[in-house]
Amino acid sequence: MKLDRTSIAIVVITVALLAAAPALPRWAMSLLNVSLCYGTVVLGMMLLMRTGLVSFGHGLYYCLGAYAAGTVDQMLKIPDMALMVLAGAAATGIVAAILGLLLARYRDIFFAMLSLAFSMILYGLLVKSSALGSTDGFNISAKSIFGIAVVDNAHRYATFGITVVLTMLSAFLLNRYLRSHRGRLAEAIRDNELRVEYMGASVRTTIHLHYVISAVLAGIGGALMAINIGHIDPEMTYWPQSGEFVFIAILSGTGNVFAPIGGALVFETIRSFAYEYSPNTWQMVLGITMLIVMIFLPGGLWSLLQRRKPA
Amino acid sequence: MATILHAKGLNKSFGAVTAANDINVAVEQDSVVGLIGSNGAGKTTFINMVTGYLKPTTGSIHFEGRDITSLKPRQITQLGICRSFQIPQLYNTMTVAENLMVGVGIVASSGARWAKSNRLDVAPEQAVEAMLEQFGLGDYRNRQSGLLPEGTRKLLDIAMAMVVRPRILLLDEPTSGVSADEKFVLMDRVMAAVREGKVTVLFVEHDMEVVERYTHRILAFYEGRIIADGEPAKVLDDVEVRKYVIGEAH
Amino acid sequence: MNQLFAVLIDGIVYASWLFIIAVGLTLIYGVMKILNIAHGSLYALGAFTAVSFCSAWFNHNYAAAGSFAMLAAAAVVVGLIFGPLIERGLLRFMYGKDEVVLVLVTYALFLILEDVIKLVWGVDPLLVQGPNGETPYSVLGNFEASGLSYPYYNLVLVGVAVATGAALTWVLTRTRNGKLLIAVIHDREMSAAMGIDVGRTYFVTFTVGAMLAAVGGALTAPTVSVVTGMGAEVIVMAFAVVVIGGLGSLPGAALGAFIVGMVRAASIHYKPELELFSVYLVMAVVLIVRPKGLFSGAEVRKI
């Protein structure tokens, strides 16, 4: 297998992160964890955006992934990290395959609005489900990984390990996909659907597939977040959460799979400082940043790194 | 010669407007057929029906003996009929080479539904290079297609139809928007590519010079009907054609 | 029977409230093709301004009935300040961009305005209430119907909704400016070519739309505790209304408000745990059956 530069970089960074784990201070590790979880979700947003679609309801899958993970812990009493993530991916994959049948027919703001409606349906259900803790949600705690019990420091490293490996694996696979013949159809669909059909490819099938992939990525991100934070609640599918994902995707740009991950890291770093020093202007900073990026950097932060690309 | 495309009794109306009125055409393999007529005469409607964009109200279309009337554009492309557009339909944010690569990629990863004739026999990159070469687009390879001059966009639009290796190519006004001194260069390139690929061509055109120079046969449309069908010299000399088609076209 | 009557009354009141909020949203979309997320912030700004104005009024010991004038003043002030500010300062640079980009621009604006509210009014819940507990709500008192007690204030909501709908319909169908507006809605370029000042049309439309959002907020303020985040809650509800009715359609907003109002009132009375769920379910079902909403024209693409 011939690897492109991005793939090699992903492998190198994964190894470096895992090797550095014992040296990382607690705050750095949790910042990385949260950023990587967000990054995984935004990888999915990136695929949709490349296809020309913006979902204002991806919190649906982020939340669903987390609740699937939580169910494995709370209801089935099998608090295994690997199983939790698997449950998150499976649940989102199934739901997205069904909803995708509908959503693949929609574009532009109608796609955004229908996605929003679906995410708010889940919100409406969760806030009134006392068995799932209503608006408070519930706590979860993973106690093993692949059946091997982990406590204290081992738990911390296991959580970090699974977060790093799964995020980087997602990025690796998505990068391969985007460079494949089918992956290239994403931008073709964004540019001109009519021509794609007249070249003999199915727009709807491709959009459906990309929708499912992006949902599964959000589900994995949500499940990982549940494991990391140890708490889940319906806010995960409330629309401002989905808006946050859109924000990071715009901020990052869709040029490369590192963009969403880097963007999420920038976002989380700014957030942790802003929360500390100026909690009441944090959203204002976000809003102004978003306007600046949209007006002056339509390709997102990634386009800043891309200037050296040959013409 | 064998019939490759056969339209039987096609009718199409949009409300009170009849865009196709009992169209019967049998197109022979390897021929080049020109479709002429004033605006609204039914030429583009005909192309739209053959490529599955519009369904005829009644009648049927057969390609190599197979009924394709109810198929979708993408299925018709897969069988081997492709078209170009009056307004070029490009992937505007991509380079010229990338535009072609999308089509090559679709063919390269195509499944069993595709006709054998359009399978790829070389590496994808080579197929793109060959197409760039054939259409004289090599110099534009890395230029963004959305920023090209109109003549080049037209050329790329036709190359994008050819890149999926059709048996029949339908061209919708290939020289509209192309300057007078460029139009024969463009048509020569297209025709050379068509001959090499053994492709049957139907094209809609308003420029009678172009029609006369490149076609073997002309179909003259008027108010949804075909009012004349035959060799170019004969059709262009027809009384009705001179009155209804050429009189208005010039 | 009694319960059915209660559902009907609650539904109509709730629908009126929704209509007031949603009508500005649909107006702005219809004319400018902007799905304005910041509409939620304008609503919240209307509510917070109403709190400030009414508190000042009550603190001066003026007649409590005059607090209604303060509610109206709050809406007008917010509309006249923020409408022009947003339209001239930001949106006019964005015209012609993709609809999705415009949604994102208004989302950024929403984030900014949320914090503006926090900076001006703080993060604690506020009430429209005088030092002795007087409110516009209590001034009017209650009436009895079918054995149940309802505040007269609810009738104000219904009245304002009906008046707003009637006034807009009148302007659009009976006045010269309204007819020009409809021309702009149908074909912006053609209207500009015919000499209609599209920029001015947009400016006026957005200001009116912003004011309607603020009216909604100001009228809501006395009935709830005014908190940050209320804009986020209301904007998705307003989206549901306009999407159900058909984006940009005035009768659509009315029908959407009626449907959502009734669905919510019914679920609160019969199955309270399905309240939010049912509203968005209706939105999804309508989008699935009629992708462009109940009142929408067909669009054709030509090649």
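Residues numbered from 1 in each chain as written. Chains lettered and ligands numbered in written order. Predicted model: local features only at pLDDT ≥ 70, side-chain atom pairs only at ≥ 80, totals over all residues. Heavy atoms only, no water.

## Things to note about the overall build of chain A
- Helices and strands together make up the secondary structure of chain A, namely 13 helices and four strands.
- Expressed as lengths along the three principal axes of its C-alpha atoms, the size of chain A is roughly 55 × 45 × 45 Å.
- Counting over 311 residues, chain A shows a buried share of 62%.
- Taking all contacts inside chain A whose residues are at least 6 apart in sequence as the whole, residues at least 24 apart take part in 82%.
- With an accessible surface of roughly 12100 Å², chain A has 68% of that area assigned to carbon and sulfur atoms.
- A distance of 10 Å separates the average location of the 21 positive side-chain charges in chain A from that of its 15 negative side-chain charges. (Helix = DSSP H or I, 4+ residues; strand = E, 2+ residues; numbered from the N terminus. Buried < 20%, exposed > 50% of the residue type's maximum accessible area, 1.4 Å probe, protein only. Contact = heavy atoms within 4.5 Å. Areas by Shrake-Rupley, 256 points an atom, 1.4 Å probe, with all protein chains shown as cover. Lys, Arg positive; Asp, Glu negative; His and termini not counted. Charge placed at Lys NZ, Arg CZ, Asp CG, Glu CD.)

## Structural notes on the packing of helix α3 (residues 59-74) of chain A against helix α9 (residues 203-229) of chain A
Residues and elements named next belong to chain A.
- The interhelical angle for the contact between α3 and α9, taken along N-to-C directions, is 50°, at an axis separation of 6 Å. Taken as axis vectors, α3 and α9 run oblique relative to one another. For α3 against α9, the interelement crossing comes out right-handed. Together, Tyr61, Tyr62, Gly65, Ala66 and Ala69 of α3 and Tyr211, Ala215, Ala218, Gly219, Gly221, Gly222, Ala223, Met225 and Ala226 of α9 make up the contact between the two elements. (Axes fitted to C-alpha atoms, helices over the stretch in contact; angles between N-to-C directions. Parallel < 35°, antiparallel > 145°, perpendicular 65-115°, else oblique. Left-handed = near helix turned anticlockwise from the far one by under 90°.)

## A short note on the pattern of salt bridges
- Scanning the model with the defined rule gives 21 salt bridges over all chains in all.
- A cluster of three or more residues bridged by salt bridges with shared partners is formed by Asp4, Arg176 and Arg179 of chain A. (Salt bridge = Lys/Arg side-chain N within 4 Å of Asp/Glu carboxyl O.)

## What to know about the environment of Tyr152 of chain C
Residues and elements named next belong to chain C.
- Within the secondary structure, Tyr152 sits in the loop between β2 (148-151) and α6 (153-174).
- Spatially, the C-alpha atoms of Tyr152 and Asn142 are 5.3 Å apart, while their sequence positions differ by ten residues.
- When sequence neighbours within four positions are dropped, the list of residues in contact with Tyr152 reads Leu140, Gly141, Asn142 and Phe143.

## As for helix α10 (residues 239-252) of chain A
- Over its 14 residues, α10 of chain A extends 20 Å from the first C-alpha to the last, a length consistent with the 20 Å expected when each residue adds 1.5 Å.
- One or two residues past the end of α10 of chain A sits Gly253 of chain A, with phi positive at roughly 90°. (Expected span 1.5 Å × (residues − 1).)

## Thoughts on the interface of chain C and chain A
- Opposite the 44 residues of chain C that make contact, chain A presents 43 residues.
- In total, chain C and chain A occlude about 3800 Å² of area from one another, counting both sides; carbon and sulfur atoms represent 80% of this.
- Looking at the side of chain C facing chain A, the largest losses of area belong to Leu104, Tyr107 and Ile288 of chain C, adding up to 15% of the total buried there.
- Put simply, chain C and chain A have one salt bridge between them. (Buried area = accessible area lost by both parts, 1.4 Å probe.)

## Quick word on a nonpolar patch on the surface
Residue and element names in this part refer to chain C.
- On the surface, a cluster of nonpolar side chains totalling about 470 Å² of accessible area is made up of Leu8, Ile12, Leu255, Phe258, Leu294 and Phe295.
- Among the elements of the structure, α1 (2-32) and α11 (250-270) are those that each provide at least two residues to the nonpolar patch.
- For Leu8, the location among the structural elements is in helix α1. (Patch = residues over 30% accessible without salt bridge, like charges linked within 9 Å, V, L, I, M, F, W, Y side chains within 5 Å.)

## Brief notes about the sheet that holds strand β7 (residues 168-172) of chain B
All names here are of chain B.
- The strand order β6-β7-β8-β3-β9-β10 describes an open sheet built from six strands, whose pairing is mixed. Of all the strands in the sheet, the pair left with one neighbour each is β6 (81-83) and β10 (225-230). When strand polarity is set aside, the average angle formed by the axes of neighbouring strands in this sheet is 15°.
- Sheet topology places strand β3 (residues 32-36) next to strand β9 (residues 217-222); four bridges connect them, and they run parallel. Pairing of Gly34 across the sheet is with Ile218, part of β9.
- Sheet contacts for helix α1 (residues 43-50): β3, β6, β7, β8 (200-204) and β9; angle to β7, the most-contacted strand, approximately 145°. (Pairing = 2+ DSSP bridges.)

## A closer look at the environment of Val171 of chain C
- Along the chain, Val171 of chain C turns up in helix α6.
- Placed ten residues apart in sequence, Val171 of chain C and Leu181 of chain C show a C-alpha to C-alpha distance of 9.5 Å.

## Describing the side chain of Asp207 of chain B
Residue and element names in this part refer to chain B.
- Tracing the sequence through the fold places Asp207 in the loop between β8 and α7 (208-214).
- A relative accessible area of 16% places Asp207 in the buried class.
- Every residue in contact with Asp207, bar those within four places of it in the chain, is listed here: Thr175 and Lys183.

## Concerning the sheet that holds strand β2 (residues 17-28) of chain B
Residues and elements named next belong to chain B.
- Taking strand neighbours across the sheet as the criterion, the four strands line up as β2-β1-β4-β5 in an open arrangement whose pairing is antiparallel. Looking at strand neighbours, the two that pair on one side only are β2 and β5 (66-67), the edges of this open sheet.
- One ladder, built from eight bridges, connects strand β1 (residues 3-14) with β2; its direction is antiparallel. Along β2, the bridge assignment pairs Leu5 with Val27.
- Together, β1, β2 and β4 (58-63) form the strand contacts of α1, whose direction differs from that of β1 by roughly 115°.

## Here we look at the nonpolar core
- Counting residues in each nonpolar core, the largest one holds 238 residues, and the members touching the most others are Phe56 and Trp239 of chain A together with Phe135 of chain B.
- Among the elements that line this core, the one with the most residues is helix α5 (residues 108-127) of chain A, at 15 residues.
- Apart from the residues within four sequence positions on either side, Phe56 of chain A is in contact with Ala112, Ser115, Leu116, Ser119, Trp239, Ser242, Gly243 and Val246 of chain A together with Ile37, Val103, Leu104 and Tyr107 of chain C.
- Among the nonpolar cores identified, the runner-up in size contains 29 residues, and Val27, Leu54, Leu71 and Val204 of chain B belong to it. (Core = buried A, V, L, I, M, F, W, Y, C linked by side-chain atoms within 4.5 Å.)

Just geometry here; none of it tells us what the structure is for.
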